[in-house]
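Chain residues, written in single-letter form:
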Protein chains: 2
Amino acid sequence: MKLQVALDTLTLDECVHLLEEIRGDTDIAEVGTPFIIEEGMRPVRELKKRFPELEILADAKIMDAGEYEAEKCFSAGADIVTVLGAANDATIEGVVRAAKRYGKKVMADMIEVSDLEKRAGEIDGLGVDYICVHTAWDVQNTGKNPLDDLITVNKVLKKAQSAVAGGVKLSTAEPIAKEHPSVVVVGGGIIHAQNRKETAGKIKEILRRGASCE
Amino acid sequence: MKLQVALDTLTLDECVHLLEEIRGDTDIAEVGTPFIIEEGMRPVRELKKRFPELEILADAKIMDAGEYEAEKCFSAGADIVTVLGAANDATIEGVVRAAKRYGKKVMADMIEVSDLEKRAGEIDGLGVDYICVHTAWDVQNTGKNPLDDLITVNKVLKKAQSAVAGGVKLSTAEPIAKEHPSVVVVGGGIIHAQNRKETAGKIKEILRRGASCE
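Quantities reported herein were computed from a predicted structural model and do not represent experimental measurements. (Residues numbered from 1 in each chain as written. Chains lettered and ligands numbered in written order. Predicted model: local features only at pLDDT ≥ 70, side-chain atom pairs only at ≥ 80, totals over all residues. Heavy atoms only, no water.)

A few words now on the nonpolar core. Counting 148 residues, the largest nonpolar core has Leu 7 and Ile 131 of chain A together with Leu 7 of chain B as its most contacted members. The residues touching Leu 7 of chain A, leaving out its near neighbours within four places in the chain, are Cys 15, Leu 18, Leu 19, Ala 29, Glu 30, Val 31, Gly 32, Phe 35, Leu 47 and Ile 191 of chain A. (Core = buried A, V, L, I, M, F, W, Y, C linked by side-chain atoms within 4.5 Å. Buried < 20%, exposed > 50% of the residue type's maximum accessible area, 1.4 Å probe, protein only. Contact = heavy atoms within 4.5 Å.)

All buried positions along helix H7 (residues 147-156) of chain A are accounted for by Leu 147, Leu 150, Val 153 and Val 156 of chain A. Check the buried side of H7 of chain A and you find it contacts helix H6 (116-124), strand E6 (130-134), strand E7 (161-165) and helix H8 (170-177) of chain A. (Helix = DSSP H or I, 4+ residues; strand = E, 2+ residues; numbered from the N terminus.)

This paragraph deals with the sheet that holds strand E7 (residues 161-165) of chain B. All names here are of chain B. Taking strand neighbours around the barrel as the criterion, the eight strands line up as E1-E2-E3-E4-E5-E6-E7-E8 in a closed arrangement whose pairing is parallel. When the angles between neighbouring strand axes are averaged without regard to direction, this sheet yields 25 degrees. Bridge analysis of E7 against strand E8 (residues 183-186) gives two bridges, and the strand direction is parallel. When the bridges of E8 are listed, Ala 163 appears paired with Val 183. Docked against the sheet, helix H7 (residues 147-156) engages strand E6 (130-134) and E7, running at close to 170 degrees with respect to E7. (Pairing = 2+ DSSP bridges. Axes fitted to C-alpha atoms, helices over the stretch in contact; angles between N-to-C directions.)

With that out of the way, let us pick up empty space enclosed by the protein. Inspection of the entire model under this criterion finds one cavity of 30 Å³ or more. Counted as a void, the largest cavity has a volume near 150 Å³. Looking at the largest cavity, it is lined by 18 residues, and the ones nearest its centre are Thr 33, Ile 37 and Ala 60 of chain A together with Thr 33 and Ala 60 of chain B. Secondary-structure elements contributing two or more residues to the lining of the largest cavity are helix H2 (33-39) and strand E3 (55-62) of chain A together with helix H2 (33-39) and strand E3 (55-62) of chain B. Classifying every residue of the lining of the largest cavity by side-chain character gives 10 nonpolar, two polar and six charged. (1 Å grid on protein atoms, 1.4 Å probe; cavity = no way out; pocket = protein on both sides within 12 Å on 5 of 7 lines; lining within 4 Å. Points joined across faces, edges and corners; volume = space filled by probe spheres on them. Nonpolar A, V, L, I, M, F, W, Y, C, P; charged D, E, K, R; others polar.)

Glancing now at the pattern of salt bridges. Residue and element names in this part refer to chain B. Enumeration according to the criterion identifies 48 salt bridges over all chains in this entry. For Arg 50, the salt bridge identified is with Glu 20, shortest N-O distance 3.7 Å. Placement of Arg 50 in helix H3 (residues 42-50) and of Glu 20 in helix H1 (residues 12-21) is noted, with a sequence separation of 30 residues between them. Between Arg 119 and Asp 89 there is a salt bridge; the shortest N-O distance is 2.9 Å. Here Asp 89 lies in helix H5 (residues 89-102) and Arg 119 lies in helix H6 (residues 116-124), a separation of 30 residues in the sequence. In this structure Asp 89 comes out as partly exposed when scored by relative accessible area, which is 30%. (Salt bridge = Lys/Arg side-chain N within 4 Å of Asp/Glu carboxyl O.)

One face of the sheet, then the other: side chains in a regular strand alternate in exactly this way. Residue and element names in this part refer to chain A. When you tally the buried positions in strand E1 (residues 2-7), you get five out of six residues, the bulk of the element. Taken together, the four bridges between E1 and strand E8 (residues 183-186) define a ladder with parallel strand orientation. The residue of E8 that forms the bridge with Gln 4 is Val 185. Sheet topology note: the E1/strand E2 (residues 28-31) ladder contains four bridges and is parallel. If you follow Ala 6 over to E2, its bridge partner there is Glu 30. You can see the chain leave E1, run along helix H1 (residues 12-21) and come back into E2, and the turn it takes is right-handed. (Right-handed = clockwise from strand over helix to strand, strands pointing away.)

Right, let's talk about the relation of the copies chain B and chain A for a bit. Superposition of chain B onto chain A requires a rotation of 180 degrees combined with a translation of 0.0 Å along the rotation axis, giving an RMSD of 0.0 Å. Classification of the inter-copy transformation places it as that of a two-fold axis. Residue Gly 40 of chain B of chain B places its C-alpha closer to the rotation axis than any other residue of that unit, at 1.9 Å. When the interface residues of chain B are mapped onto chain A, 100% of them again lie at the interface, so the same face is used by both copies. (Least-squares fit on C-alpha atoms with pLDDT ≥ 70 in both.)

With that settled, the discussion passes to the side chain of Asp 124 of chain A. Residue and element names in this part refer to chain A. Among the secondary structure elements, Asp 124 is positioned in helix H6. Buried charge without a partner: Asp 124 forms no salt bridge, and the closest opposite charge is Lys 158, 6.0 Å away. Here Lys 158 takes part through its backbone nitrogen, which lies 2.7 Å from a polar atom of the side chain of Asp 124. When sequence neighbours within four positions are dropped, the list of residues in contact with Asp 124 reads Ile 131, Val 156, Leu 157, Lys 158, Lys 159 and Ala 160. (Lys, Arg positive; Asp, Glu negative; His and termini not counted. Polar contact = N/O pair within 3.5 Å; in protein donor to acceptor, adjacent residues only side chain to side chain.)

This paragraph deals with the state of the cysteines. Inspection of the entire model under this criterion finds zero disulfides over all chains. Not part of a disulfide, Cys 73 of chain A finds its nearest cysteine sulfur in Cys 132 of chain A, a span of 16 Å. Not part of a disulfide, Cys 15 of chain B finds its nearest cysteine sulfur in Cys 73 of chain B, a span of 16 Å. By relative accessible area, Cys 15 of chain B is classed as buried at 0%. (Disulfide = S-S within 2.5 Å.)

Now for the confidence of the model for chain A. Mean pLDDT for chain A: 96, with 98% of residues reaching 70 or above. Across the whole predicted complex the pTM is 0.97, and at the interface the ipTM reaches 0.96. (pLDDT = per-residue confidence, 0-100.)

Our next topic: H3 of chain B. Residue and element names in this part refer to chain B. For H3, the full list of buried residues reads Pro 43, Val 44 and Leu 47. End-on, the buried residues of H3 take up no more than an arc of 100 degrees, which puts them together on one face. As for H3, its buried residues are in contact with strand E1 (2-7), H1, strand E2 (28-31), H2, E3 and helix H4 (66-75). (Arc of directions from axis to C-beta.)

To continue, consider the packing of helix H4 (residues 66-75) of chain A against helix H5 (residues 89-102) of chain A. A pair of packed helices is characterised by two quantities: the angle between their axes and the separation of those axes. All names here are of chain A. Contact geometry for H4 and H5: axes closest at 7 Å, N-to-C directions at 35 degrees. As for how H4 packs across H5, the hand of that crossing is right-handed. Side by side, H4 and H5 meet where Gly 66, Glu 67, Ala 70, Glu 71, Phe 74 and Ser 75 of the first sit next to Thr 91, Gly 94, Val 95, Arg 97, Ala 98, Ala 99, Arg 101 and Tyr 102 of the second. (Left-handed = near helix turned anticlockwise from the far one by under 90°.)

Okay, unusual backbone geometry next. Located in the positive-phi region is Lys 61 of chain A, a residue other than glycine, with phi close to 45 degrees. Mapping Lys 61 of chain A onto the fold places it in strand E3. Given the relative accessible area of 10%, Lys 61 of chain A is considered buried. Its identity is not glycine, yet Glu 112 of chain B carries a phi of approximately 65 degrees, on the positive side. For Glu 112 of chain B, the position within the fold is in the loop between strand E5 (105-109) and H6. Given the relative accessible area of 29%, Glu 112 of chain B is considered partly exposed.

Next comes the structure, spelled out in structure tokens:
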């Protein structure tokens, strides 16, 4: 199980500082959507250069022009690009084509997909690497969390691996790890922790233990 | 009826050149999603500075963290920001809150929304300024076009104004203008035209004539 740290609300310097602090416990550094809206592909290029040992995920949440937009991310150095599960199949297939050309990966973000089970099954056949259940940030205060969605998707997937995002933190990592997603995304749960290094280490340890039981 | 020119596949210099060429016939300059993915808010800042007489639309296609992401666009100088119709109501409401704070506007992009009539009706009550029917670029080669969707949405809207995007060009502008959307978005239909100035002028003239019949 990989730990993906979502870098959403930090400046590039703060990201570099955080990634240095939690070195060894992170597998994937996510350049978050607001970060891309602000800075484009610059953080992808910079983080790839500074942290060649990490996979860099560009959370572009592609909704159209799949091949064209994904190409921009992969050519900047992204190892993984996100496409929305709500996008048309043709868009997802375009992102997959671009990924294959670069030997890189695609994560479908299932945020706000209404029939999760049905759509996960459809997307599983389109060649994406990960299908990520995702509780929107804007609804996390309603108490919704992505664990049930993870269980739903895990029953459906035959080819893609599952990933999980949306308010995951140290206190909720254990039950999630028991469902064995391939990637667990944590943002505020690490960024806003009192001791970020210790928290990232503990979460990574929970994922390691979960993986060892597989 | 306003003409919005979608700047998707050009460099910033090429955009400036095009906008100078078609000056007087354009109302809204759209900084397209791939452009934002590549460069972030830089083109929004630059175009706002160079063309203060135009409205600048940031096609961020926001799907989560509505208020936070929209704030980034408005603070960079965007006059209009897009949010996906597929997003959660809470996200759309967040974008609307940010817009009100800046005295700016919100366009909901209905791309890939399955029950267009129902969702347009719901979003109409959330305070957005425009609801834009949008045939995805990735499916335009199937012959699908947004005219029928425009007719559907126009029947539903009570507060928001309609907009239309997705492969509109000189040869298809007339029937669209007859439905009186408030904004007509044209990308490749102008960018790839042999004579871009003449084409933009002719499309704008069709929209002017349509508007005068209202």
